[in-house]
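Architecture at a glance
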Amino acid sequence: MRSFCHGEINEFIDWLDTDGNIINASDGGVIFADGKYHWYGMAFRPLPMNGGPCGGQMTDIGVVMYESCDLLNWKYEGVILEVSTDPKSELYAPLRFERPKIIYNEKTKQYVLWCHYVKYPGNHGNGIGECDMGLAVCDKINGKYKWLGFKRPIDNYGWVRDMTVYKDINKVAYLIYDRHTPDPILGDKTGGLQGDRCLYVVKLSDDYLSFTNEYKRISSAYYREAPVVVYKDGYYHIVTSGLTGWATNQAIAFRTKRLLDEWEKIGDPCVDDITHTTFNTQGTNAFLVDGTDTHIIMLERHNTSNFLKSSYIWLPIEFNEDNTVSLRYKKEWKI
Ligand code: GAL
């Protein structure tokens with residue numbers, strides 16, 4: 001790849017790895033480690049949504065990783081968190097390791113991977129293992145991650161939907177997730193949109209392997225998901241989407257000076273986005289380009305007729321003088 005190439009906002013452009021294969025790493029992240037960038041995500045199945053009981057949006061491969069020195073040429077490093085063929089295993093596929101995020105713990109010298117885990121057959125639900133946080137660790141960035149099981153933050157009453165994990169400037173880590181609690185009248189039967197949906201921030205333990213009881217409901221981020229966190233000049237910003245499943249919708253950004261404090265709603269960060277669809281994408285993650293001041297937001301244009309043909313939209317985040325963030329669409333660019 002010579003540049004980040006996105007095309008028009010209704011186009012799906014394939015990004016290929018150095019072997020010429022389509023990069024299949026959904027809703028993950030990029031981490032700089034051992035002098036290289038490592039891009040990881042859940043590998044979708046090559047099936048359309050209506051092509052079987054589970055569709056192409058689950059995985060029967062796992063979480064995969066690619067490495068690069070320049071963010072443009074990505075070499076496939078293989079599966080880092082593998083599914084199992086044993087029906088008794090928690091990793092029996094197809095399942096979902098949705099929105100996996102890796103952070104490094106300096107004290108334990110471990111890479112810690114959290115994801116939104118949805119057990120076989122990978123349908124979002126309300127039962128045990130259908131709306132939980134999955135955890136895996138490795139002592140190498142690109143080794144085989146060891147599965148440590150799944151758990152639920154805060155209490156069992158709140159189902160886990162979209163999530164991210166974020167390590168702040170003081171190396172304290174947080175889970176930010178869409179907590180879904182049942183409708184008080186209809187109870188557990190509603191699924192989908194009913195009930196209470198709100199983003200919460202939960203502080204992780206020092207080893208990043210469990211949740212503490214320090215948490216905050218981001219009351220302003222009601223009915224929001226796909227959280228992406230970026231920090232600059234004293235402010236933490238989150239860019240979020242609305243709740244329309246795979247259909248794109250308008251982004252809203254929030255900001256705070258302290259992650260466990262009140263968050264202020266700022267509005268749509270997308271400039272000239274006349275379609276109000278986040279340029280026909282949904283957020284995934286943000287990362288800092290090593291040795292620069294450039295933060296890149298990773299967005300994804302999901303293709304529900306063939307998830308393998310989803311495309312990656314990476315844009316530089318603009319930081320404004322009033323401490324807000326903006327996103328501007330670029331058909332093509334490079335650093
Ligand atoms: C989206 C969400 C994705 C995935 C999808 C449907 O709204 O952001 O992570 O859960 O719905 O499965």
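Bear in mind that the values here come from a model prediction, so they are computed numbers and not experimental data.

1. Regarding the overall build of the chain
Check the secondary structure of the chain and you find zero helices and 24 strands. Radius of gyration (C-alpha) of the chain: 18 Å, near the 20 Å computed for a compact globule of 335 residues. For the chain, the spread of C-alpha atoms along the three principal axes comes to 50 × 45 × 45 Å. Relative to its full complement of 335 residues, the chain shows a buried share of 57%. Put simply, 52% of the contacts in the chain that link residues at least 6 apart link residues at least 24 apart. Put simply, the chain has 37 plus and 44 minus side-chain charges, and the middle of one group is 2 Å from the middle of the other.

2. Focus: the sheet that holds strand β13 (residues 211–222)
Across the sheet, which stays open at both edges, the four strands sit in the order β10-β11-β12-β13 with antiparallel pairing between neighbours. Looking at which strands have only one partner, the edges of the open sheet turn out to be β10 (159–167) and β13. Ignoring which end each strand starts from, the neighbouring axes of this sheet average 25 degrees apart. As judged from the five bridges shared by strand β12 (residues 196–204) and β13, these two strands associate in the antiparallel manner. The residue bridging Cys 198 from the neighbouring strand is Tyr 222, located in β13.

3. Concerning empty space enclosed by the protein
Inspection of every chain in the model, using the stated rule, returns three cavities of 30 Å³ or more. Space inside the largest cavity adds up to approximately 40 Å³. Ser 241, Gly 245, Trp 246, Ala 247, Thr 248, Asn 249, Thr 281, Gln 282, Glu 300 and His 302 together form the lining of the largest cavity. Looking at the lining of the largest cavity residue by residue, the class counts come to two nonpolar, seven polar and one charged.

4. Things to note about the packing of aromatic side chains
Here the structure, examined in full by the defined rule, presents 30 aromatic pairs. Look at Trp 39 and Tyr 312: their rings are 4.8 Å apart centre to centre, the planes differ by 85 degrees, and that puts the pair in the edge-to-face class. Of the two residues, Trp 39 sits in strand β3 (residues 36–43) while Tyr 312 sits in strand β21 (residues 311–316), which places them 273 residues apart along the sequence. A relative accessible area of 0% places Trp 39 in the buried class.

5. Here's the deal with the layout of surface pockets
Left-over empty space is what a probe sized like a water molecule reveals as it rolls over the atoms. Of the volumes computed, that of the largest pocket is approximately 820 Å³. Together, 26 residues line the largest pocket, and Tyr 166, Lys 167, Ala 286, Phe 287 and Leu 288 are the ones closest to its centre. Counting residues per element, the ones that place at least two in the lining of the largest pocket are β2 (26–33), β3, β6 (96–105), β10, β14 (225–232) and β19 (282–288). By residue class, the composition of the lining of the largest pocket is 17 nonpolar, three polar and six charged.

6. Brief notes about the pattern of salt bridges
Summed over the entire model, instances satisfying the criterion amount to 20 salt bridges. Between Lys 331 and Glu 8 there is a salt bridge whose closest N-O contact spans 3.2 Å. A residue pair is termed long-range when its members are at least 10 positions apart, and Lys 331 in the loop between β23 (325–328) and β24 (332–333) and Glu 8 in the loop between β1 (4–5) and β2 qualify at 323 residues. Residue Lys 331 is classed as partly exposed on the basis of its relative accessible area, which comes to 48%. Between Glu 98 and Arg 96 there is a salt bridge whose closest N-O contact spans 2.6 Å. Residues joined in a network through salt bridges with shared partners are Asp 27, Arg 99 and Asp 162.

7. Description of unusual backbone geometry
Residues Ala 93 and Pro 94 are joined by a peptide bond in cis, for which omega reads 0 degrees. Mapped onto the secondary structure, Pro 94 falls in the loop between β5 (75–82) and β6. Pro 121 follows Tyr 120 through a cis peptide bond whose omega is 0 degrees. Positive phi, normally seen in glycine, also occurs at Tyr 208, with a value near 65 degrees. Relative to the assigned elements, Tyr 208 resides in the loop between β12 and β13. With relative accessibility at 2%, the residue Tyr 208 sits in the buried group. With phi around 50 degrees, Asp 233 is a residue other than glycine that occupies positive phi space. Locating Asp 233 in the fold gives a position in the loop between β14 and β15 (235–241). Accessibility expressed as a relative area gives 59% for Asp 233, which makes it exposed.

8. Brief notes about the nonpolar core
Among the nonpolar cores identified, the biggest contains 26 residues, and Ile 80, Leu 81, Phe 97, Ile 102, Leu 113, Ile 141 and Tyr 145 are the most heavily contacted of them. When residues of this core are traced back to their parent elements, those giving at least two are β2, β3, β4 (62–68), β5, β6, β7 (110–118) and β8 (132–138). When residues in this core are grouped by element, the largest group, four residues, is from β7. Those residues in contact with Leu 81, other than ones at most four positions away along the chain, are Ile 61, Gly 62, Val 63, Phe 97, Leu 113, Ala 136, Tyr 145 and Trp 147.

What counts, and where the lines are drawn
Residues numbered from 1 in each chain as written. Predicted model: local features only at pLDDT ≥ 70, side-chain atom pairs only at ≥ 80, totals over all residues. Heavy atoms only, no water. Helix = DSSP H or I, 4+ residues; strand = E, 2+ residues; numbered from the N terminus. Rg over C-alpha atoms; globule rule 2.2 N^0.38 Å. Buried < 20%, exposed > 50% of the residue type's maximum accessible area, 1.4 Å probe, protein only. Contact = heavy atoms within 4.5 Å. Lys, Arg positive; Asp, Glu negative; His and termini not counted. Charge placed at Lys NZ, Arg CZ, Asp CG, Glu CD. Pairing = 2+ DSSP bridges. Axes fitted to C-alpha atoms, helices over the stretch in contact; angles between N-to-C directions. 1 Å grid on protein atoms, 1.4 Å probe; cavity = no way out; pocket = protein on both sides within 12 Å on 5 of 7 lines; lining within 4 Å. Points joined across faces, edges and corners; volume = space filled by probe spheres on them. Nonpolar A, V, L, I, M, F, W, Y, C, P; charged D, E, K, R; others polar. Phe/Tyr/Trp six-rings, centres within 6.5 Å; stacked < 30°, edge-to-face > 60°. Salt bridge = Lys/Arg side-chain N within 4 Å of Asp/Glu carboxyl O. Core = buried A, V, L, I, M, F, W, Y, C linked by side-chain atoms within 4.5 Å.

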